[in-house]
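# Examining the three-dimensional arrangement
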Amino acid sequence: LSGWRLIMNRFSLHDIALQPEQLRRLLQDPACGGYAAFEGWVRDCNDGRTVLRLEYEAFGALALREGERILDEAQQRFGVARARCAHRVGPLAIGELAVWVGVSAPHRGEAFDACRYIIDEVKHRVPIWKKEYYQDGDSGWVNCERCAAGASPGHGEPLAHEHATHVQRIASAGAASISRAAPELNVASAGAAVADAGSAVAKGR
Amino acid sequence: MSAPELYGLVLTGGRSRRMQRDKANLEYAGKSQLERAMQLLTPLVARCFVSARTDQLEDPRRAAYDTIVDVLPNLGPMGGIHAALHAYPDCGWLVLACDLPFLDTATLQHLIAHRASTRVATAFRSSFDGQPEPLCAIFEPRSLVLIEESLARSQQCPRALLASSDVELLELPNPRALDNVNTGEEYVAAQAALVAAPPAAAAASAASSASASASASADGATRRRLKVRYFAVLREQAGRSTEELETQAGTPRQLYDELRRLRGLTLAPEFLRVAVNDEFGDWRSPLADGDTVVFLPPVAGG
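Quick summary incoming for the structure in this document. The model shown is predicted, which means the values in this text are computed figures rather than measured ones.

The next subject is the pattern of salt bridges. Summed over all chains, the structure comprises 28 salt bridges over all chains. One salt bridge connects Arg65(A) with Glu279(B), and the closest N-O pair in it is separated by 3.4 Å. A residue pair is termed interchain when its members come from two chains, as with Arg65(A) in helix 3 (residues 60–78) and Glu279(B) in strand 14 (residues 279–280). Glu243(B) is the partner of Arg263(B) in a salt bridge, and the nearest nitrogen-oxygen pair spans 2.8 Å. Pair noted here: Arg263(B) is in helix 9 (residues 252–263) and Glu243(B) is in strand 12 (residues 242–247), with a separation of 20 residues, a long-range link. Put simply, Arg65(A), Glu66(A), Arg69(A), Glu73(A), Glu121(A), Arg125(A) and Glu279(B) are held in one network by salt bridges that share partners.

See below:
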C-alpha cells in the first residue's frame, strides 16, 4: 500500500469543479474506521466587503511539491493512513468548492487532527494566491495589502501565516477584466480522472 | 512610489590643465572619450546630455548631442551638475565624467540597479580613498538644494558635498572602472591597456544583454542570464509573467532590488519568499547562470 501511496499524487490542482465523491473514494481503506474531510467554499464577503467572485493563481510546480510535503507531514505526525488535498485554480463563483481535504485513519481523532493540520498548512505555505473582485468594482490580492515598501512585517512572523483580512486595492482599470492564470500552470487536465493530477507531479520531478 | 526618471549627463566642461588639451576629444580605439561616454550612457537613461560651457558650444563633437550649458560660470563639475538639475529638477541625473576610459556598461548598470532614489545620491566608493566618487554617480532631485547651498558657501567640490550628504555608497564591482586619465603618460598607458583588454562593454550598448551565457567581463564582474517568473500581484505590477535578463545580481535579494526599480514593484522583500528552480530558496544564496527565480507574494490559498 505504501508503494501505491508514493506514486499517487495526493495534492492536486484543478481548473474545473472538484468532485468530492471521487476524491473520497480514493481514501477508502479496510484498516480505517474514521474519515474526516474539510471543504472550503467561496464566501460572498470578506473584511466587510461584498465579494462577487474570485480567482486563484498557483505556482504549479512548487505548489504541488509543497502540498505533497504537507500531506507527508500529516501522515507521519498523526499516523493517518491516507490523506489528500485538491485545490482549485482560475475563476470561481460564490459557493463553489475551492479546496477539499480528506483523511482516513484507524480512529476519528487522528483523522480530525490531520485534516485540520493540512488545511492550515496549505493556506500558509502553498504558493497559491487569491484575487477577490468586489461589488464596488474594486479588486485585490488577499494578504498583499500591507506589503508595500516601508511597511513592517512585524512580530517576526511571516505574513503568509496570517489569515486573509486585508486586501490590496488595485488600480480600478485592472478590476474590469479577469486575468488568466499563468499559462504554464500545472493543472489537472480533467476532473473525471482525479488521479491524472499525478502525471503533473511525475513530470515536474 | 517609483523613482524619478533618470537622465544622463556627460561632463566635458573642465579645462585639462595637465593634459594641455581638451580631454573630451582624446581618442581611444578611434573613438573620442565623449563619444564613448555618450554611447555607454545613452541606452541606460531616458535622455542624455552633454554638459558644456558657453564657449564650447561651437565644438562640432559636442554639437552632435543635446547640450546643457552651465548656468553659473567657472564652477567646474559642480557647475555642470547644477545646470542639469536646474534645467530638469524633477529628474535623477546620472553624471559621468568623460575621462573614464575603463568605465563599462556593467558598472553603470550596477549603479542604476542599486539606485536609492530617496537619498541625495547614489555613488561608488573610491578604490583609492574610500570617499564617494561624484563623477560616476546619480544625483537625485533633492541634491539641487544642497548644491546651491554649497555653492553659496563657495564650496565647489562635489566629492566634499557627497561626503557630507545622505549618499548610498556602493562598492565598485570592478575596482579599476573609474580610474581616470589626467596626464599624457596616463593616456599612453591607458591606450595600451585598452588595446590589450578592451572593457567588455566598450563596443557594445546595453543591448549586449542578448548574449546567452554568463560572461566575465575584462574586470571579472560576473554576469548571469536569469529567468524570472511573476505571479499574482507581482505579475500585474511587472506587466508580464516571465522575463529573461542578463544581470550582475549575484543573489535573489540583489535581483529583487534590481527588478523592483526596473519594474516598479511595490512589495518589500521582507514580505516575500523566494524560489529558485521550482524550490524554496534563500535570499542570500548565490545564483547561477540559467537559474529561474520566482518571488512569492504572501500566499492565500484555501
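Counting residues at the interface gives 28 residues for chain B and 39 residues for chain A. Contact between chain B and chain A buries roughly 2,900 Å² in total, counting both sides, with carbon and sulfur atoms accounting for 61%. On the chain B side of the interface with chain A, the three residues burying the most area are Phe271(B), Val299(B) and Gly302(B), jointly 24% of the side's total. Counting every contact that joins chain B to chain A gives 4 salt bridges. Residue Arg69(A) is joined to Glu279(B) by a salt bridge in which the shortest nitrogen-to-oxygen separation is 2.8 Å. In this assembly, chain B and chain A are joined by 15 residue pairs in polar contact (both at pLDDT 80 or more). Among the secondary structure elements, those contributing two or more residues to the side of chain B that touches chain A are helix 8 (232–238), strand 14 and strand 15 (292–296) of chain B. Counting residues per element, the side of chain B that touches chain A draws most heavily on helix 8 of chain B, which supplies 5 residues.

On to the sheet that holds strand 1 (residues 11–14) of chain A. Backbone-to-backbone hydrogen bonds join strands into a sheet, with any given pair of strands oriented parallel or antiparallel. Residue and element names in this part refer to chain A. Strand order across the open sheet formed by 4 strands is 1-5-7-2, with mixed pairing between neighbours. The two strands at the open ends of the sheet, each matched to only one other strand, are strand 1 and strand 2 (34–41). Sheet twist, expressed as the mean angle between neighbouring strand axes with direction ignored, is 10 degrees. As paired elements, strand 5 (residues 82–88) and strand 7 (residues 97–105) share 6 bridges and run antiparallel to each other. The residue of strand 7 that forms the bridge with Arg82 is Ser104. On the sheet, helix 3 packs against strand 1 and strand 5 and is oriented at approximately 145 degrees with respect to strand 1. This element, helix 4 (residues 108–125), spans strand 1, strand 2, strand 5 and strand 7 of the sheet and lies at about 145 degrees to strand 7.

Residue and element names in this part refer to chain B. One non-glycine residue, Ser154, adopts positive backbone phi at about 60 degrees. Positionally, Ser154 belongs in the loop between helix 5 (143–152) and helix 6 (158–163). In this structure Ser154 comes out as exposed when scored by relative accessible area, which is 60%. Although it is not a glycine, Asp278 adopts a positive phi angle of roughly 65 degrees. You can see Asp278 is positioned in the loop between strand 13 (273–276) and strand 14.

Here we take up the sheet that holds strand 7 (residues 121–125) of chain B. Residues and elements named next belong to chain B. Spatially, the 7 strands line up as an open sheet ordered 5-4-1-6-8-7-9, and their pairing is mixed. The sheet terminates laterally at strand 5 (67–69) and strand 9 (167–170), the two strands that pair on one side only. Each neighbouring strand pair of the sheet contributes to a mean axis angle of 30 degrees, computed without reference to strand direction. Note that strand 1 (residues 6–11) and strand 6 (residues 92–97) share 6 bridges and pair parallel. The residue of strand 6 that forms the bridge with Leu6 is Gly92. Contacts from helix 1 (residues 33–41) reach strand 1, strand 4 (47–52) and strand 6, with the element oriented near 170 degrees to strand 1.

With that out of the way, let us pick up helix 3 of chain A. Every α-helix carries 3.6 residues per turn, so stepping three or four residues along brings you back to the same face. Residues and elements named next belong to chain A. Spanning 19 residues, helix 3 covers 27 Å between terminal C-alpha atoms, matching the ideal 27 Å at 1.5 Å per step. For helix 3, the complete set of buried residues consists of Gly60, Ala61, Leu62, Ala63, Leu64, Glu66, Gly67, Glu68, Ile70, Leu71, Ala74 and Gln75. Residue Gly79 follows helix 3 closely and has a positive phi angle near 65 degrees.

Looking now at helix 5 of chain B. All names here are of chain B. For helix 5, the complete set of buried residues consists of Ser143, Leu144, Ile147, Ser150 and Leu151. Take helix 5 and look down its axis: the buried residues cluster within an arc of 125 degrees, on one side only. Just past helix 5, the residue Ser154 takes up positive phi, approximately 60 degrees.

Rules behind the numbers
Residues numbered from 1 in each chain as written. Chains lettered and ligands numbered in written order. Predicted model: local features only at pLDDT ≥ 70, side-chain atom pairs only at ≥ 80, totals over all residues. Heavy atoms only, no water. Salt bridge = Lys/Arg side-chain N within 4 Å of Asp/Glu carboxyl O. Helix = DSSP H or I, 4+ residues; strand = E, 2+ residues; numbered from the N terminus. Contact = heavy atoms within 4.5 Å. Buried area = accessible area lost by both parts, 1.4 Å probe. Polar contact = N/O pair within 3.5 Å; in protein donor to acceptor, adjacent residues only side chain to side chain. Pairing = 2+ DSSP bridges. Axes fitted to C-alpha atoms, helices over the stretch in contact; angles between N-to-C directions. Buried < 20%, exposed > 50% of the residue type's maximum accessible area, 1.4 Å probe, protein only. Expected span 1.5 Å × (residues − 1). Arc of directions from axis to C-beta.

Functional significance is not addressed by these values, which are geometric in nature.
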